[in-house]
Amino acid sequence: MSAPAPAAGTFDCRDAFVATLERLAAADERIVAVVNDSVGSSKLGAFRTRFPDRLINVGIAEQNMVSVGAGLANGGKVPFVSGAACFLTARAMEQIKVDCGYSRANVKLCGISAGVAYGELGATHHSIEDVAWLRAIDGLTVIVPADPWQTGAAVEAALAHDGPVFLRLSRMPVPALKRTQERFAIGEAEVLREGGDIALIVNGTLVHHALAAAETLAAEGIAARVVNMACVSPIDEATVLRAAATGAIVTAEEGLAHGGLGGAVAEICARHAPTRMRMLGFPGFLPTGSAAWLMEQYGLTARGIADAARDLLSAGG
């Protein structure tokens, strides 16, 4: 299933992923790519042409793909193991847990087309559980970039980090976010907008929707803080606690909120700062429909986030 061309002013973050990977590979011969017959969907065709001896295609064998990546890491390489997020994480969970997490292998797992980007292909191709189950693996860093710049920065950070990393990469077009400072560090959140009435903690494709929701709320006299929590594990607990000080938090993510970003934020608040919350995400297996329709149906839009914020504030508890 080919992705639609991005609308004007929006970008496919896979392009930032491969551009950064090629640039880094030109300077670092340790970098190799490992794929599961996913050269096209990972957009690694140019990488294969430029570095023909540094791309390993194992075929449709995700468990083998992750283990090959771990073996390459043990041999001193830095493998970027790339495939559709739904198959990479579900089929190879034991290998991710044991060969990467338990073994602390220096493997960079790149989950392509995460969330509901495959749309009409349905629940078998949706990757909405991935953050929930991967953040339970000890020592595995989980990053959900929000736009092209952050995607490139996350790839650079993954290379510099000594240990297993999961990069959750969407194919859904998103705009480039406006920033006063470009800084990305593992375990550090990005506050894109200040506000003291409520906090919106989001990541990935939901970040630009949260910013639009904050604009709508501002027109109504509600000051919403917007936190881009790209790194779900390890999570920036200090920023979560500052968000909790507003007295209300809405989380939103393109995946399961229970166990995902929403669950991670709720755990921190439950332990240290009990706070009113709404967690927006998908409830479980989804009906067939386009990605845009699914996001609309489950309130994962600017309007849905604004509505949840108003509801939470009006409830008062």
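Above this text you will find the structure in question.
Residues numbered from 1 in each chain as written. Predicted model: local features only at pLDDT ≥ 70, side-chain atom pairs only at ≥ 80, totals over all residues. Heavy atoms only, no water.

A. Just the sheet that holds strand β13 (residues 248–256), in detail. Pairing is mixed across the open sheet formed by five strands, whose spatial order is β9-β11-β10-β13-β14. The open sheet has two edge strands with one neighbour each: β9 (190–193) and β14 (276–282). Across the sheet, the mean angle from the axis of one strand to that of its neighbour is 20°, orientation sign disregarded. Relative to strand β11 (residues 224–228), β9 runs antiparallel, the two being bridged by three bridges. Looking at β11, one finds that Glu190 is bridged to Asn228. (Pairing = 2+ DSSP bridges. Helix = DSSP H or I, 4+ residues; strand = E, 2+ residues; numbered from the N terminus. Axes fitted to C-alpha atoms, helices over the stretch in contact; angles between N-to-C directions.)

B. Representation of the side chain of Asp12 within the structure. With respect to the element layout, Asp12 can be found in the loop between β1 (10–11) and α1 (13–27). Under the relative-accessibility criterion, Asp12 is labelled buried at 6%. Within polar-contact distance, the side chain of Asp12 engages the side chain of Arg14 at 2.7 Å. Leaving out residues up to four positions away in the same chain, Asp12 has contacts with Pro6, Lys43, Ser170 and Arg171. (Buried < 20%, exposed > 50% of the residue type's maximum accessible area, 1.4 Å probe, protein only. Polar contact = N/O pair within 3.5 Å; in protein donor to acceptor, adjacent residues only side chain to side chain. Contact = heavy atoms within 4.5 Å.)

C. Main features of the nonpolar core. Grouped together as the largest cluster of nonpolar side chains are 37 residues, with contacts concentrated most on Ile249 and Val265. Of all the secondary-structure elements, those providing two or more residues to this core are α3 (62–74), α5 (93–102), α6 (130–134), β10 (198–202), α9 (237–244) and α10 (261–272). It is α10 that provides the largest number of residues to this core, a total of five residues. Leave out the neighbours within four places in its chain, and Val265 touches Ile201, Ile235, Val240, Ile249, Thr251 and Met277. With 34 residues, the next largest nonpolar core counts Leu206, Ala214, Ile305 and Leu312 among its residues. (Core = buried A, V, L, I, M, F, W, Y, C linked by side-chain atoms within 4.5 Å.)

D. How the structure looks around the packing of aromatic side chains. Taken as a whole and assessed by the stated rule, the structure comprises two aromatic pairs. When the centroid spacing of 5.0 Å and the interplanar angle of 55° are considered together, the rings of Phe47 and Phe51 count as tilted. By the burial criterion, Phe47 is buried, and Phe51 matches it. Ring centres 5.6 Å apart and planes at 80° place the aromatic pair Phe282 and Tyr298 in the edge-to-face group. A residue pair is termed long-range when its members are at least 10 positions apart, and Phe282 in strand β14 and Tyr298 in the loop between α11 (291–297) and α12 (302–315) qualify at 16 residues. For Tyr298, a relative accessible area of 26% translates into the label partly exposed. Above the face of the Phe51 ring, Arg54 is positioned so that its terminal group lies 4.6 Å from the ring centre. (Phe/Tyr/Trp six-rings, centres within 6.5 Å; stacked < 30°, edge-to-face > 60°. Lys NZ or Arg CZ within 6 Å of the ring centre and 35° of its normal.)

Scope: geometric values only; no functional claims are made or implied.
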